[in-house]
Amino acid sequence: SKKAGDNFRINRILVAYSILYGAENDYENSIKTMLELIPRLEMEKDGDLLRTVYGNLGSTYLYIHNYQLAEKYYQLCAEASIKVKDEWRLSQSYNGLIDIYLEKKDYKTALEYANKGLEVAEHGGDFECQALTNQKKSEIYNTYFNDFDKSLEYGLKGLDIARNHSNISVVAAALINLSNI
């Protein structure tokens, strides 16, 4: 119907605005816009965009160091992604949860999410997430376990995946990670 099509476009425009606010460091308006979108998306059963908004809220709250709300929205994104077998968003959610627990220095929980995230990323063919998650596992083994062999193993694996399947920023991150071992 025309109304459904209009709502579809309006919702995507609002998500774009929230991203633009974030790019301008206007996190208050970015968050406000996304939070206002959630009831609309739930009512219209737009699960795909709802998962995007949950993930974007998780990222935004992580960026401003509100780990409790970041975790809440990454978990909501993960739960919704599991229901519809959206492996890409699930691996992205786990990647965000890894970052939260690294920031909180809860390396054991970060490693649990890294293992889950790597499994999903490998199954779904998400090479960028595979590269980043291997790098994070390298960081965890280096920092928490002082296991330099495992740290190097995951760091090199992350670099190899990044070199073969990802962009230069992921390769650079892998090289920086390896320089810290």
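Basis of the calculations
Here the residue numbers are simple positions, counted from 1 along each chain's written sequence. Confidence filtering applies because this is a predicted model: local features only for residues at pLDDT of at least 70, side-chain atom pairs given and counted only at 80 or more, and all residues used for totals across whole chains, interfaces and linings. For the side-chain quantities, the full set of heavy atoms in the structure was used; hydrogens and water were omitted. Secondary structure elements are defined from DSSP: runs of H or I of at least 4 residues count as helices, runs of E of at least 2 residues count as strands, and each element is numbered from the N terminus. Any helix carries an expected span of 1.5 Å times its number of residues minus one. Exposure categories follow from relative accessible area, calculated using a 1.4 Å probe and restricted to protein chains: below 20% of the type maximum is buried, above 50% is exposed, and the middle band is partly exposed. By convention, a stacked pair of Phe, Tyr or Trp rings (six-membered ring in the case of Trp) has centres within 6.5 Å and planes under 30 degrees apart, an edge-to-face pair has planes over 60 apart, and any other such pair is tilted. Look at NZ for Lys and CZ for Arg. If either is within 6 Å of the ring centre and within 35 degrees of the ring normal, a charge sits over the ring. Any two residues having at least one pair of non-hydrogen atoms within 4.5 Å are treated as being in contact. Think of a nonpolar core as a cluster: buried Ala, Val, Leu, Ile, Met, Phe, Trp, Tyr and Cys residues, connected wherever their side-chain atoms sit within 4.5 Å. Here the axes come from fitting lines to C-alpha atoms, over the contacting stretch only for helices, and the angles between their N-to-C directions go from 0 to 180 degrees. Oblique is the label for any angle not covered by the other classes, which are roughly parallel (under 35 degrees), roughly antiparallel (over 145) and roughly perpendicular (65 to 115). When the near helix sits turned anticlockwise from the far one by under a right angle, the crossing is termed left-handed; a clockwise turn instead gives a right-handed crossing. Think of it as three bins: nonpolar holds Ala, Val, Leu, Ile, Met, Phe, Trp, Tyr, Cys and Pro, charged holds Asp, Glu, Lys and Arg, and polar takes everything else, Gly as well. A cavity, in this analysis, means grid points on a 1 Å lattice covering only the protein atoms where a 1.4 Å probe fits yet has no way out; a pocket is instead an open set bounded by protein on both sides within 12 Å along at least five of seven lines, and a residue lines either one if it has an atom within 4 Å of a point. Grid points are joined across faces, edges and corners, and a volume is the space filled by probe spheres set on the points.

Comments concerning helix H3 (residues 47–63)
Part 1 of the reasoning: An ideal rise of 1.5 Å per residue puts 24 Å on 17 residues; H3 measures up with 24 Å between its terminal C-alpha atoms.
Part 2 of the reasoning: Among the 17 residues of H3, twelve are classified as buried, and the element is accordingly described as predominantly covered.
Part 3 of the reasoning: Taken together, the buried positions of H3 are occupied by Leu 49, Leu 50, Arg 51, Thr 52, Val 53, Tyr 54, Gly 55, Leu 57, Gly 58, Thr 60, Tyr 61 and Leu 62.
Part 4 of the reasoning: Phi for His 65, located one or two positions after H3, is positive at around 65°.

Describing the packing of aromatic side chains
Part 1 of the reasoning: Tallying each qualifying case throughout the model produces nine aromatic pairs.
Part 2 of the reasoning: Aromatic pair Tyr 144 and Phe 145: ring centres 4.5 Å apart, planes at 80°, arrangement edge-to-face.
Part 3 of the reasoning: Tyr 144 sits in the partly exposed class, given a relative accessible area of 41%.
Part 4 of the reasoning: By relative accessible area, Phe 145 is classed as partly exposed at 37%.
Part 5 of the reasoning: The rings of Tyr 107, Tyr 141, Tyr 144, Phe 145 and Tyr 154 are connected pair by pair, giving a single aromatic cluster.
Part 6 of the reasoning: Taking the ring centre of Tyr 141 as reference, the NZ or CZ of Lys 150 above it sits at 6.0 Å.

Observations concerning the environment of Ile 64
Part 1 of the reasoning: Mapped onto the secondary structure, Ile 64 falls in the loop between H3 and helix H4 (67–84).
Part 2 of the reasoning: The partly exposed category is assigned to Ile 64, whose relative accessible area is 35%.
Part 3 of the reasoning: For the pair Ile 64 and Asn 25, spaced 39 residues apart in the sequence, the C-alpha separation amounts to 10.0 Å.
Part 4 of the reasoning: Non-local contacts of Ile 64, meaning those with residues more than four positions away in its chain, are made with Tyr 27 and Ile 31.

A look at the nonpolar core
Part 1 of the reasoning: Counting residues in each nonpolar core, the largest one holds 35 residues, and the members touching the most others are Ile 38, Val 53, Leu 57, Tyr 94 and Ile 100.
Part 2 of the reasoning: Where this core is concerned, the elements lending two or more residues are helix H2 (27–43), H3, H4, helix H5 (87–103), helix H6 (107–124) and helix H7 (127–143).
Part 3 of the reasoning: Within the second largest apolar cluster, eight residues are counted, among which are Leu 159, Ala 162, Val 170 and Ala 174.

Looking at the packing of helix H8 (residues 148–165) against helix H9 (residues 168–179)
Part 1 of the reasoning: Where H8 meets H9, the closest approach of the two axes is 8 Å, and the angle between their N-to-C directions is 160°. Relative to H9, the element H8 is oriented roughly antiparallel. Viewed along their axes, H8 and H9 form a crossing whose handedness is left-handed. On the side of H8, the interface is formed by Leu 152, Gly 155, Leu 156, Gly 158, Leu 159, Ala 162 and Arg 163, while H9 contributes Val 170, Val 171, Ala 174, Leu 175, Asn 177 and Leu 178.
Part 2 of the reasoning: Considering only residue class, the contact of H8 with H9 consists of nine nonpolar, three polar and one charged.

Let's talk about the layout of surface pockets
Part 1 of the reasoning: There is about 280 Å³ of room inside the largest pocket.
Part 2 of the reasoning: Breaking the lining of the largest pocket down by element, the ones donating at least two residues are H3, H4 and H5.
Part 3 of the reasoning: With seven residues, H5 is the single largest residue contributor to the lining of the largest pocket.
Part 4 of the reasoning: Among the residues forming the lining of the largest pocket, the class breakdown is four nonpolar, eight polar and four charged.

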